Amino acid sequence: MAVTASAILPFLIFETVTSSHLNGLGEIMQDVLGLPKSILDHGTEDDEFYEALLPWVDPNVVDILGSPYENPLDEDGLRKLLN
């Protein structure tokens, strides 16, 4: 599990874009949400897709968490984040 948003709306956008792209409907997200094509150039199996999508959807979560690969959260870190 990962923290993917700082609020419910960015979370829902993240999940919608991810699900749409997985199902071959990513281009619709360009029209509906203004998703940059450069993000869609990556496959959903590529880490680059998520690394590009996350700051676009929710810049706040990147500022708070940094890279999940370089700064993984343990139980204490998650408690501190949520308080």
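Above: the structure in question.
Notes on the overall build of the protein
Thinking step 1. In terms of helices and strands, the protein carries six helices and zero strands.
Thinking step 2. When the elements of the protein are put in sequence order from the N terminus, they spell out α-α-α-α-α-α.
Thinking step 3. Within the structure as shown, the protein displays about 5,800 Å² of accessible surface, and the carbon and sulfur contribution to it stands at 55%.

Focus on the packing of aromatic side chains
Thinking step 1. Throughout the structure, instances matching the rule amount to two aromatic pairs.
Thinking step 2. The interplanar angle of 45 degrees and the centroid separation of 6.2 Å between the aromatic rings of Phe14 and Tyr50 together place this pair among those described as tilted. With Phe14 in helix H1 (residues 8-22) and Tyr50 in helix H4 (residues 47-57), this pair connects stretches of sequence that are 36 residues apart.
Thinking step 3. Residue class for Tyr50 comes out partly exposed when judged on its relative accessible area of 29%.
Thinking step 4. An aromatic cluster of three or more residues is present, and its members are Phe14, Phe49 and Tyr50.

Here's the deal with the environment of Gly43
Thinking step 1. Mapped onto the elements of the fold, Gly43 is located in the loop between helix H3 (37-40) and H4.
Thinking step 2. Separated by 21 residues in the primary sequence, Gly43 and Leu22 place their C-alpha atoms 8.2 Å from one another.
Thinking step 3. Setting aside chain neighbours within four positions, we find Gly43 in contact with His21 and Phe49.

Focus on the nonpolar core
Side chains of nonpolar character tend, in soluble globular proteins, to be buried together.
Thinking step 1. With eleven residues, the main nonpolar core is built from Phe14, Val17, Met29, Leu35, Ile39, Leu40, Phe49, Leu53, Leu54, Val57 and Val61.
Thinking step 2. Counting residues per element, the ones that place at least two in this core are H1, H3 and H4.
Thinking step 3. With four residues, H4 is the largest single contributor of residues to this core.

Scoring rules and cut-offs
Residue positions within a chain follow its written sequence, with the count starting from 1. Predicted model: local features are reported for residues with pLDDT of at least 70 only, side-chain atom pairs are reported and counted for 80 or more only, and whole-chain, interface and lining totals are derived from all residues. Remark: hydrogens and water are excluded; side-chain values derive from all non-hydrogen atoms of the structure. The helix count covers DSSP runs of H or I at least four residues long, the strand count covers runs of E at least two residues long, and both are numbered beginning at the N terminus. The Shrake-Rupley method, run with a 1.4 Å probe, gives the accessible areas here. Residue values count only the displayed protein chains as cover. Whether two aromatic rings pair depends on their centres lying within 6.5 Å, for rings of Phe, Tyr and Trp, where Trp uses its six-membered ring; planes under 30 degrees apart make the pair stacked, over 60 edge-to-face, and the rest tilted. The classification of residues rests on relative accessible area computed with a 1.4 Å probe and restricted to protein chains. Under 20% of the type maximum is buried, over 50% is exposed, and intermediate values are partly exposed. What makes two residues a contact is simply this: any of their non-hydrogen atoms within 4.5 Å. The definition of a nonpolar core used throughout is a set of buried Ala, Val, Leu, Ile, Met, Phe, Trp, Tyr and Cys residues joined through side-chain atoms within 4.5 Å.

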